[in-house]
Amino acid sequence: MKVYVSGKLVAERDAKISVFDHGLLYGDGVFEGIRAYNGRVFKLEEHIERLFDSARAIALEIPMTPTGIGRAVVRTCRANKIKDGYIRLIVTRGVGTLGLNPYTCKKGEVIVIAGSIQLYPRRLYEEGLSIVTVGTVRNHPEALNPSIKSLNYLNNILAKIEAINSGVLEAVMLNHAGNVAEATGDNIFVVKGRVLRTPPASAGILRGITRDIVIELAREKNYEVREETLSRYDLYTAEEVFLTGTAAEVIAVINIDRRKIGVGEPGPITRELASEFKKLAMGTGTPI
Ligand code: PXG
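Residues numbered from 1 in each chain as written. Predicted model: local features only at pLDDT ≥ 70, side-chain atom pairs only at ≥ 80, totals over all residues. Heavy atoms only, no water.

Remarks on the pattern of salt bridges
Going by this rule: The term salt bridge refers to a side-chain nitrogen of Lys or Arg lying within 4 Å of a carboxyl oxygen of Asp or Glu. A run of H or I in DSSP counts as a helix once it spans at least four residues, and a run of E counts as a strand once it spans at least two, with each numbered from the N terminus. For each residue, the accessible area found with a 1.4 Å probe, counting protein chains only, is set against the maximum for its type, and the residue is called buried under 20%, exposed over 50%, and partly exposed in between.
Taken as a whole and judged by the stated rule, the model has 18 salt bridges. Close ionic contact of E228 with R197 constitutes a salt bridge, the shortest N to O distance being 3.2 Å. You can see E228 sitting in the loop between β12 (224–227) and α7 (232–236) and its partner R197 sitting in strand β11 (residues 195–198), a full 31 residues away along the chain. The exposure class of R197 is buried, given its relative accessible area of 16%. Linked by salt bridges that have partners in common, R197, E224, R226, E228 and D234 make up one network.

A look at the sheet that holds strand β4 (residues 40–41)
Note on sheets: strands pair through backbone hydrogen bonds, and any given pair is parallel or antiparallel. What counts, and what does not: We call two strands paired when DSSP finds no fewer than two bridges between them. Here a residue-residue contact requires only that any non-hydrogen atoms of the pair lie within 4.5 Å. Angles shown run from 0 to 180 degrees and are taken between the N-to-C directions of axes, each axis being a line fitted to C-alpha atoms and, for helices, limited to the stretch in contact.
Read across the sheet, seven strands follow the order β2-β1-β6-β5-β3-β4-β16 without closing on themselves; strand pairing throughout is antiparallel. Two strands in the sheet have a free side with no partner beyond their single neighbour: β2 (8–11) and β16 (286–287). Contacts from helix α2 (residues 44–57) reach β3 (29–37), β4, β5 (85–92) and β16, with the element oriented near 175° to β3.

What to know about the environment of Y125
Definition in use: Definition of a polar contact: a pair of N or O atoms within 3.5 Å, with one able to donate and the other able to accept a hydrogen when the atoms are protein atoms, and with sequence-neighbouring residues admitted only if both atoms are side-chain atoms.
Along the chain, Y125 falls in helix α4 (residues 124–127). From its side chain, Y125 meets the backbone oxygen of A248 in a polar contact 2.8 Å long.

A few points about the packing of aromatic side chains
Short version of the rule: Here is the rule: rings of Phe, Tyr and Trp (six-membered ring for Trp) pair when centre to centre is within 6.5 Å. Planes less than 30 degrees apart are stacked, more than 60 are edge-to-face, and the remainder are tilted. Two limits define a charge over a ring: the Lys NZ or Arg CZ must be within 6 Å of the ring centre, and within 35 degrees of the ring normal.
The tally for this structure, following the rule as stated, stands at four aromatic pairs. Between F31 and Y153 the ring centres are 5.2 Å apart and the planes differ by 75°, which places this aromatic pair in the edge-to-face class. Separated by 122 residues along the polypeptide, F31 in strand β3 and Y153 in the loop between β7 (129–133) and α5 (154–165) bring together distant segments of the chain. A relative accessible area of 8% places F31 in the buried class. Ring pairs connect the aromatic residues Y37, F42 and F277, which therefore count as one cluster. R122 extends its terminal NZ or CZ atom over the ring of Y125, reaching a point 5.5 Å from the ring centre. Stacked on the ring of Y236, the Lys or Arg R259 has its end atom at 4.0 Å from the ring centre.

Quick notes on the environment of I164
With respect to the helices and strands, I164 occurs in helix α5. The spatial distance from the C-alpha of I164 to the C-alpha of V132 is 9.6 Å, given a sequence separation of 32 residues.

Notes on the site of the ligand
Note the threshold: Residues are labelled near a given molecule or strand when at least one of their non-hydrogen atoms is within 4 Å of it. Using a 1.4 Å probe, accessible areas were evaluated by the Shrake-Rupley method; residue-level cover was limited to the displayed protein chains.
Neighbouring the ligand are 23 residues; Y153, E182, I209, T210 and T246 lie closest to it. Within the side chain of Y153, an N or O atom sits 2.5 Å from an oxygen atom of the ligand. With respect to the ligand, the side chain of E182 contributes an N or O atom lying 2.7 Å from a nitrogen atom. Bound to the protein, the ligand loses 91% of the 550 Å² it would expose on its own. Residue assignment for the shell around the ligand shows that the elements contributing at least two residues are β5, α6 (209–220) and β13 (240–245).

A word on a nonpolar patch on the surface
Put simply, the rule is: Residues form patches when they are more than 30% accessible in relative terms and have no salt bridge. Like charges link within 9 Å. Nonpolar side chains (Val, Leu, Ile, Met, Phe, Trp, Tyr) link within 5 Å.
Where nonpolar side chains cluster on the molecular surface, the patch consists of V19, F20, L24, V95 and L98 and spans about 520 Å² of accessible area. Position of V19 relative to the elements: it lies in the loop between β2 and α1 (22–26). Relative accessible area serves as the criterion here: at 55%, V19 is assigned to the exposed category.

A short note on the domain arrangement of the protein chain
Applied cut-off: Each domain's limits were defined by an automated method or a database of domain assignments. Two parts lose some accessible area (1.4 Å probe) when they are put together, and adding that loss for both gives the buried area. Throughout this entry, Asp, Glu, Lys and Arg are counted as charged residues, while Ala, Val, Leu, Ile, Met, Phe, Trp, Tyr, Cys and Pro are counted as nonpolar. The remaining residues, Gly among them, count as polar.
What the domain assignment reports for the protein chain is domain 1 (2–115) and domain 2 (124–283). Here domain 1 and domain 2 have C-alpha centroids that lie 26 Å from each other. Residue-level contacts link 25 residues of domain 1 with 21 residues of domain 2. The junction of domain 1 with domain 2 conceals about 1800 Å² of combined surface from both sides, 65% of it contributed by carbon and sulfur atoms. The largest per-residue losses of area from domain 1 upon contact with domain 2 belong to F31, Y37 and R50, which jointly make up 33% of the total buried on that side. Taken together, the links from domain 1 to domain 2 amount to one salt bridge. Ionic pairing is found between E249 and R35, a salt bridge with its closest N-O pair at 3.1 Å. Our enumeration of links across domain 1 and domain 2 arrives at ten residue pairs in polar contact (both at pLDDT 80 or more). Looking at the side of domain 1 that touches domain 2, the elements with two or more residues in it are α1, β3, α2 and β5. Considering each element in turn, the side of domain 1 that touches domain 2 owes the most residues, eight residues, to β3. Here the residues of the side of domain 1 that touches domain 2 are counted per class, giving ten nonpolar, eight polar and seven charged.

Following this line, the structure appears as structure tokens:
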């Protein structure tokens, strides 16, 4: 595998950064998870835009232009002969002194890894996922805004640990007000009749690119979509629940906190939107 680091494509074993990089010392940096489908990078511009927004929010200057980042992503995919794959784009604060002050770091470090990902076992895309709500509260937006896709994912990891310790693969996190926020790496939707609901950005979530796509696809299919505050009651009483994310794509949830959702199998609207999503993903994107 070839990895893009410090402006060059290098062999995997040479892809290294300093132990003094604040990305390692403090989780000080930002990232994106991007997919390639059928020889094209899916929603590349949207991911780069979000990367720059995350960087701006933490006062991190990315030492490349958005166009330059796009080129580095495509170049890395080409070097690894990626047709279908997963791209991890990372910008760390760079090398600085021991001490929090980010202004001691001279230059951010841009890294691109192009490989593959399988978030949940394939059979669960047919059968649906069982999940639980967990005690770990999603980061308060005024502490570390979940809109920032930062290298500090401990909040999500703590929730993931709780889920796995309870015998399931995914967690739903509630926000500081006790309302539904999102899963550890996915957004969440509930369906009742022809109405889809998902928590608004103000609930303290990452505004998922897959979430935006699914909202648009659903509206095209004449479903009503509302960004609305959701409680656990809304999850338990939904006819269908599904998660969306770059890694997860669209996956049905059939059980939450030991309550069967709907009839306990992936519902028709989830199936329809998953199939529309796949169609779009396979047919659009930046050519590699
Ligand atoms: N919420 C959170 C907290 C995320 O980290 C999403 C929602 C979905 O956003 P997108 O833009 O991808 O639709 C994410 C994205 C992984 C992995 O390794 C996680 C994400 C992306 C890629 C890989 O688990 N999370």
